[in-house]
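Examination of the molecular architecture
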2 protein chains.
Amino acid sequence: MMELTRKGEYAIRGIVYLAAQPPDRVCLLSDIAAAVDVPATFLAKIFQQFSKIGLVKSYRGTGGGFLLGRVPEKITLLEVVEAVEGPIVPNRCVVGAGECVRDVTCKVHPVWKRVQGQVRDVLAGVTLKELSEV
Amino acid sequence: MMELTRKGEYAIRGIVYLAAQPPDRVCLLSDIAAAVDVPATFLAKIFQQFSKIGLVKSYRGTGGGFLLGRVPEKITLLEVVEAVEGPIVPNRCVVGAGECVRDVTCKVHPVWKRVQGQVRDVLAGVTLKELSEV
DNA sequence: CCCTAAAAGGATAAAAAATGTCTTGTTAGG
DNA sequence: CCTAACAAGACATTTTTTATCCTTTTAGGG
């Protein structure tokens with residue numbers, strides 16, 4: 001349970017690598033993939049998702065590549081994980097009110113709410129800066 | 001991410017139902033399944049897992065069925081979830097030392113450790129008693 | 001001793017999700 | 001206009017989830 005998928009793992013590896021580069025250094029996807037040992041085509045999909053929400057910036061054509069969308073101090077692990085894995089939702093019940101038929105009476109509900117909160121807090125408290133420092 | 005599977009959901013529903021029964025009341029699997037709206041064959045598998053680790057006691061034959069292995073105050077949600085979903089492991093890295101090649105240098109590792117700890121703490125703090133009370 | 005009730009266990013199947021790959025399109029530089 | 005690089009969508013493979021079914025074991029009652 002609660003297991004991060006490969007996608008999430010790859011996503012973290014890739015963006016932490018980016019964060020560890022000198023600022024303004026544009027990185028090729030193929031280089032990143034090789035460095036963090038992830039299939040390049042798969043990493044491409046992941047970085048596309050990052051790009052859409054501004055976590056990374058991308059440039060096409062010759063001399064193109066990727067760099068962080070913000071300074072690493074301003075990107076949290078929570079953002080990275082949710083970008084590729086979707087929102088952190090330990091139980092279906094936690095998804096918006098009324099989704100769960102047992103909603104009103106369900107005693108387990110608030111427990112999952114608490115789990116969700118704790119996990120989010122931990123992940124939100126970690127930035128790419130910390131993760132990329134030697 | 002972090003999503004409980006149906007199996008986990010069914011497991012909780014089933015055992016909470018048991019916990020809500022008068023002590024020493026032996027319940028038929030078919031009755032439990034109908035009451036909590038879970039396929040009986042699937043619930044059977046789940047209760048077999050419960051039975052193996054003593055979370056429930058089972059009796060075969062006429063007049064047989066299931067009841068809780070311990071008083072509901074002594075069974076935590078953590079036990080129930082881990083019984084059917086396996087240990088709570090947010091990231092492969094968290095599994096025993098050395099499983100992850102990046103183990104030594106991996107900065108993300110301790111973060112997942114913290115996540116794991118928080119989740120376990122929340123779930124371990126809830127008992128079937130609380131969940132089954134009106 | 002047999003018959004029926006009930007759970008245990010194993011094999012199998014269908015559906016969904018994860019994990020990748022491939023092809024084509026788009027953008028930019030030289 | 002040629003090449004480099006990312007974007008986007010379709011497709012394929014594998015694994016996991018979500019069951020179902022059939023046979024076996026255990027137990028009670030006539």
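Residues numbered from 1 in each chain as written. Chains lettered and ligands numbered in written order. Predicted model: local features only at pLDDT ≥ 70, side-chain atom pairs only at ≥ 80, totals over all residues. Heavy atoms only, no water.

A look at the overall build of chain A
Condition: Comment: elements are numbered from the N terminus, with helices defined as DSSP H or I runs of at least four residues and strands as E runs of at least two. Buried residues are those whose accessible area, probed at 1.4 Å on protein chains only, stays under 20% of the maximum for their type, while exposed residues exceed 50% and partly exposed ones sit between those limits. Here a residue-residue contact requires only that any non-hydrogen atoms of the pair lie within 4.5 Å. Note on areas: Shrake-Rupley with a 1.4 Å probe; residue coverage comes only from the protein chains shown. Under the convention used here, Asp and Glu are negative, Lys and Arg are positive, and both His and the chain ends fall outside the count. Every charge is mapped to an atom, namely NZ of Lys, CZ of Arg, CG of Asp or CD of Glu.
For chain A, the helix and strand inventory stands at six helices and two strands. Going from the N terminus to the C terminus, chain A shows its helices and strands as α-α-α-β-β-α-α-α. Summarising its shape, the C-alpha atoms of chain A cover approximately 60 × 30 × 25 Å along the three principal directions. Going through the 134 residues of chain A one by one, you find that 50% of them count as buried. Sequence separation of 24 or more characterises 63% of the internal contacts of chain A that already satisfy a separation of 6 or more. Total accessible area on chain A is roughly 6800 Å²; 54% of this is exposed by carbon and sulfur atoms. The average position of the 17 basic charges and that of the 14 acidic charges among the side chains of chain A differ by 5 Å.

Details of the relation of the copies chain B and chain A
Quick reminder of the rule: Only residues with pLDDT of at least 70 in both copies contribute their C-alpha atoms to the least-squares superposition of the copies.
Rotating chain B by 180° and moving it 0.0 Å along the rotation axis overlays it on chain A with an RMSD of 0.0 Å. In symmetry terms, the pair is related by a two-fold rotation axis. Looking at the rotation axis and the C-alpha trace of chain B, the residue lying nearest is B:Met2, at 1.9 Å.

Some details on the environment of B:Val122
Of note, B:Val122 is situated in helix α5 (residues 109-124). When the C-alpha atoms of B:Val122 and B:Thr76 are compared, they prove to be 10.0 Å apart, with 46 residues separating the residues in sequence.

With respect to the protein's contact with DNA strand D
How we decide: Put simply, a residue is near a molecule or strand once any heavy atom of it comes within 4 Å of that molecule or strand. Within 3.5 Å is the distance limit for a polar contact, defined as a pair of N or O atoms, with the added protein rule that one can donate a hydrogen and the other accept it, and that residues adjacent in sequence qualify only through two side-chain atoms. Put simply, Ala, Val, Leu, Ile, Met, Phe, Trp, Tyr, Cys and Pro go in the nonpolar bin, Asp, Glu, Lys and Arg in the charged bin, and everything else, Gly too, in the polar bin.
Taken together, 26 residues lie near DNA strand D, and A:Lys45, A:Ser58, A:Arg60, B:Tyr10 and B:Arg60 sit nearest. When the atoms of DNA strand D within 4 Å of the protein are sorted by group, sugar and phosphate make up 71%. Between DNA strand D and A:Ser58 there is a distance of 2.8 Å, counted from a phosphate oxygen to a side-chain nitrogen or oxygen. At 2.5 Å from a sugar or linking oxygen of DNA strand D is found a side-chain nitrogen or oxygen belonging to A:Arg60. At the level of elements, α3 (40-52), β1 (56-59) and β2 (65-68) of chain A together with α1 (6-20) and α3 (40-52) of chain B are the ones that each hand at least two residues to the surface near DNA strand D. Take the surface near DNA strand D: its biggest share by element is four residues, from α3(A). Residues that form the surface near DNA strand D fall into these classes: eight nonpolar, ten polar and eight charged.

Let's talk about the packing of α1(B) against α3(B)
All names here are of chain B. The following threshold applies: Geometry is summarised by axes, namely lines fitted to C-alpha atoms with helices restricted to the contacting stretch, and by angles between N-to-C directions that run from 0 to 180 degrees. Put simply, angles under 35 degrees are roughly parallel, angles over 145 are roughly antiparallel, angles from 65 to 115 are roughly perpendicular, and the rest are oblique.
With their axes 10 Å apart at the nearest point, α1 and α3 run at an angle of 70° to one another. The orientation of α1 relative to α3 falls into the category roughly perpendicular. Listed contacts from α3 to Lys7, Tyr10, Ala11, Gly14, Ile15 and Leu18 of α1 are Phe42, Leu43, Ile46, Phe47, Gln49 and Phe50. The class makeup of the residues in the contact of α1 with α3 is nine nonpolar, two polar and one charged.

Worth remembering: the numbers are spatial, not functional.
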